[in-house]
Amino acid sequence: MRTFSPAARRRWLTGLCGWMVFSFTVGALTKFSSGETFFGPAYSEKFVDWGYPSWFRFVVGGGELLGAALLLRVRTRWWGAGLLLVITSGAVVTHVAHLDPVGESLSAPLHVVLSALLVWVYRPAGTRGRRPVASGGGG
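Residues numbered from 1 in each chain as written. Predicted model: local features only at pLDDT ≥ 70, side-chain atom pairs only at ≥ 80, totals over all residues. Heavy atoms only, no water.

A. Broad picture of unusual backbone geometry. A positive phi angle is found at Leu 99, which is not glycine, with a value near 50 degrees. Along the polypeptide, Leu 99 turns up in the loop between helix H4 (77–97) and helix H5 (102–105). Relative accessible area serves as the criterion here: at 73%, Leu 99 is assigned to the exposed category. (Helix = DSSP H or I, 4+ residues; strand = E, 2+ residues; numbered from the N terminus. Buried < 20%, exposed > 50% of the residue type's maximum accessible area, 1.4 Å probe, protein only.)

B. Seen up close, the packing of H4 against helix H6 (residues 107–121). For the pair H4 and H6, interaxial distance at closest approach is 8 Å and the crossing angle is 155 degrees. Overall, the two elements H4 and H6 adopt an arrangement that is roughly antiparallel. The interaxial crossing formed by H4 with H6 has left-handed handedness. Of the residues in H6, those touching H4 at Trp 78, Ala 81, Gly 82, Leu 84, Leu 85, Thr 88, Ser 89, Ala 91, Val 92 and His 95 are Ala 108, Pro 109, His 111, Val 112, Ser 115, Ala 116, Leu 118 and Val 119. Class assignment of the residues belonging to the contact of H4 with H6 gives a composition of 12 nonpolar, six polar and no charged. (Axes fitted to C-alpha atoms, helices over the stretch in contact; angles between N-to-C directions. Parallel < 35°, antiparallel > 145°, perpendicular 65-115°, else oblique. Left-handed = near helix turned anticlockwise from the far one by under 90°. Contact = heavy atoms within 4.5 Å. Nonpolar A, V, L, I, M, F, W, Y, C, P; charged D, E, K, R; others polar.)

C. Seen up close, the nonpolar core. Met 20, Leu 71, Leu 118 and Tyr 122 are the most contacted members of the largest nonpolar core, which has 15 residues in total. Counting residues per element, the ones that place at least two in this core are helix H1 (6–32), H4 and H6. For this core, the leading source of residues is H1, giving six residues. In contact with Met 20, other than residues within four places in its own chain, are Leu 71, His 111, Leu 114, Ser 115 and Leu 118. Tyr 43, Phe 47, Trp 50 and Val 60 belong to the second largest nonpolar core, which has five residues in total. (Core = buried A, V, L, I, M, F, W, Y, C linked by side-chain atoms within 4.5 Å.)

D. Representation of the confidence of the model for the chain within the structure. Mean pLDDT for the chain: 90, with 91% of residues reaching 70 or above. Looking across the chain, the model is least confident in H5, with a mean pLDDT of 82, and most confident in helix H3 (residues 56–70), with 98. (pLDDT = per-residue confidence, 0-100.)

E. The arrangement of the pattern of salt bridges in detail. Scanning the entire structure with this criterion turns up one salt bridge. The closest approach of N and O atoms between Glu 64 and Lys 31, which form a salt bridge, is 3.3 Å. Residue Glu 64 is found in helix H3, and its partner Lys 31 is found in helix H1; the two are separated by 33 residues along the sequence. Exposure class is identical for Glu 64 and Lys 31. Each is buried. (Salt bridge = Lys/Arg side-chain N within 4 Å of Asp/Glu carboxyl O.)

This is how it looks when you write it as structure tokens:
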């Protein structure tokens, strides 16, 4: 099996983070907008339809912007990816619970997978390669 060189891996991950920054920035800006989005009605209407207060879109959009900003620096990527993983996991649960059409729901699971990948790749150095120690419970 062929593996990436460290330089190629770094370029690939930087490109992925750049795409995620763009994607979440656009997503956040659509949540701040009061008009229709690329994909249909305004988020102020969507959030109410999903059972959330209309203002909650600003919390989610702010979290998306913060997560995107944290992805810009290598030292903060783990935090940004973790925040985006939490937000997109909530989006997946919301879409599934409300039986939204697949076309409206594809972005959230894709972003869950990509955020989880970044959380794994940028996990703190002290947690890499460590295996859990079995407790000495009697038996």
